[in-house]
Amino acid sequence: MSQQVTVTEHILLHQKMVPGATGQFTRLFNELVLSAKIIGRAVNKAGLVDILGFTGDINVQGEEVKKLDEYANRILIHRLARSGVLCAMASEENADIIEVPESLPRGEYIIIFDPLDGSSNIDVNVNIGTIFSIFKRKSDPDAALMSSDVLQRGSEQVAAGYVLYGSSTMLVFTCGDGVHGFTLDPSVGEFLLSHPNIRIPEQGKIYSVNEGYERYWDRHTKKALAYFKSPKNALRKPYSGRYIGSLVADFHRNLLYGGIFMYPADLRDPKKPTGKLRLTCECNPMAFLAEQAGGMAVDGVNRVMDIEPDHLHQRIPFFCGSRNDVQVVQEIFESESRRKKNR
């Protein structure tokens, strides 16, 4: 572990390399790091206090809200609103854009987050995490905030990352200059650089997908799965199947070891015909990380970060990971599309 480099030092070094940097981003990131420490502490002692379990509420996604979800959401909104550099926030748990009150200092940044990804695993002590995506406002800061300021393409992210709460607490992020991982040292209370310049292997050996839903998939998704399970692939043997059911945990493993994560569209729920994952708070940040680490992310055919969001909680199919593996899926989808057109 690089004991000399804290996450704050790393961000300050990055700031010096950016012409005209004002320090606003550093202040925002400091509040994000503090929020992660507070949430991580709550996660670690959740079984000892009345935090586990459901609140009885339903969020905008139609899902039951876990108590720890609600706690993480409140911490992030409270701390980030006071950074003095945000004009707006958006959360997976809130139906609408959250504007920073006029009573607080404002800035030009916008953050979109999933406060606690994988929360269905909270009660069984499986890794969960916080995912975030940061943009800069485009419209006049003296005018009213526009929806287009929040609904930007993923390619316009200035930073993205996640905090993984598990056997250790890790912060993994990119500012567009590669992907770096920091591990929280609880003895000093600092995130220390542990995984500099992470590169995802070009060729993976793992596929991550919930095969229990295979009967609801379309022909090309089934064909892609068959490729990874067949000995007639790039490995000349079946890939290993690994699926945790927490996007942060599955992505993190594949980022380090190589492989592909898939959450395709399915016909299981008529309300979610394009899949379960949200473009703005889940897919865009993970796509940015994957690309910065040398991987890829597509919705089957299109690059995820080229998709123009049409609403805050838009869902898309998601295929992300090692470049060779994602390209195979993309080729299968493109081939199936051509076949349909030529009928």
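Rules and cut-offs
Residues numbered from 1 in each chain as written. Predicted model: local features only at pLDDT ≥ 70, side-chain atom pairs only at ≥ 80, totals over all residues. Heavy atoms only, no water. Phe/Tyr/Trp six-rings, centres within 6.5 Å; stacked < 30°, edge-to-face > 60°. Helix = DSSP H or I, 4+ residues; strand = E, 2+ residues; numbered from the N terminus. Buried < 20%, exposed > 50% of the residue type's maximum accessible area, 1.4 Å probe, protein only. Arc of directions from axis to C-beta. Pairing = 2+ DSSP bridges. Contact = heavy atoms within 4.5 Å. Axes fitted to C-alpha atoms, helices over the stretch in contact; angles between N-to-C directions. UniProt positions renumbered as here; feature names shortened; annotations may be inferred. Parallel < 35°, antiparallel > 145°, perpendicular 65-115°, else oblique. Nonpolar A, V, L, I, M, F, W, Y, C, P; charged D, E, K, R; others polar. Left-handed = near helix turned anticlockwise from the far one by under 90°.

Visitor: Help me understand the packing of aromatic side chains in this model?
Guide: Pairs of aromatic rings are described using the distance from one ring centre to the other and the angle between the two planes. With the rule as written, the count across this model stands at twelve aromatic pairs. Geometrically, the ring pair formed by F25 and F29 is tilted, given 5.5 Å between the ring centres and 40° between the ring planes. On the criterion of helical spacing, the pair formed by F25 and F29 is a turn pair, its members being four residues apart in helix α2 (residues 24-44). For the residue pair F25 and F29, the accessibility class agrees, reading buried in each case.

Visitor: Where do I start with unusual backbone geometry in this structure?
Guide: With glycine set apart, most residues show a phi of negative sign, and most peptide bonds adopt trans. Non-glycine residue N197 carries a positive phi angle of around 45°. Note on placement: N197 falls in the loop between β10 (190-195) and β11 (206-208). Judged by relative accessible area, N197 falls into the partly exposed class, the value being 44%. Positive phi, normally seen in glycine, also occurs at R236, with a value near 65°. As for its position among the elements, R236 is in the loop between α5 (219-229) and β12 (240-241).

Visitor: Sorry, what's going on with α5 here?
Guide: Helical geometry: 3.6 residues make up each α-helical turn, so side chains three or four residues apart lie on a common side. For α5, every residue scored as buried is listed here: H220, T221, A224, L225, Y227 and F228. Down the axis of α5, the buried set is contained in an arc of 150°. They therefore lie on one face.

Visitor: Explanation requested: the sheet that holds β11 in the structure shown.
Guide: Backbone-to-backbone hydrogen bonds join strands into a sheet, with any given pair of strands oriented parallel or antiparallel. Taken together, five strands build an open sheet; the order of strands is β12-β11-β13-β15-β14 and the sheet is mixed. Of all the strands in the sheet, the pair left with one neighbour each is β12 and β14 (296-298). The sheet contact formed by β11 and β12 spans two bridges and is parallel. Residue pairing for β12: Y207 is matched across the bridge by G241. Against the sheet, helix α6 (residues 247-257) touches β11, β13 (260-263) and β15 (318-321), its axis set at about 165° to β11.

Visitor: Is there a simple way to explain the UniProt feature "binding site: Mg(2+) 1" (unreviewed entry) in the chain in this structure?
Guide: Those places that UniProt annotates as "binding site: Mg(2+) 1" (unreviewed entry) correspond, in this numbering, to E92, D114 and L116. Spanning 25 residues, the annotated positions come together in the fold, the maximum distance between their C-alpha atoms being 9.1 Å. On the secondary structure map, E92 appears in the loop between β3 (86-91) and β4 (98-99). Given the relative accessible area of 5%, E92 is considered buried. Within the secondary structure, D114 sits in strand β5 (residues 109-117). Relative accessible area serves as the criterion here: at 2%, D114 is assigned to the buried category. Filtering out sequence-adjacent residues up to four positions away, D114 remains in contact with E92, G129, T130, I131, C281 and E282.

Visitor: Quick question: what am I supposed to make of the environment of I98 here?
Guide: By the element assignment, I98 lies in strand β4. According to the relative accessible area criterion, I98 is buried, its value standing at 16%.

Visitor: Would you mind going over the packing of α6 against helix α7 (residues 279-292) with me for this structure?
Guide: Angle between the axes and distance between the axes are the two parameters that describe a pair of packed helices. Orientation of α6 relative to α7, taken along the N-to-C sense of each, is 10°, at an axis distance of 12 Å. As the angle between them shows, α6 and α7 are arranged roughly parallel. Across from L247, V248 and F251 in α6, the residues of α7 making contact are E282, M286, L289 and A290. In the contact of α6 with α7, the residues fall into six nonpolar, no polar and one charged.

Visitor: Just checking my understanding: could you explain the packing of α2 against helix α3 (residues 67-81) for this structure?
Guide: The contact between α2 and α3 brings their axes to 9 Å, and the two run at 155°. Compared by their axis directions, α2 and α3 come out roughly antiparallel. You can see that α2 and α3 cross each other, and the crossing is right-handed. Contacts between α2 and α3 involve L28, E31, L32, L34, S35, I38, I39, R41, A42 and V43 on the former and, on the latter, L68, Y71, A72, I75, L76, R79 and L80. Along the lines of polarity and charge, the residues of the contact of α2 with α3 split into 13 nonpolar, one polar and three charged.

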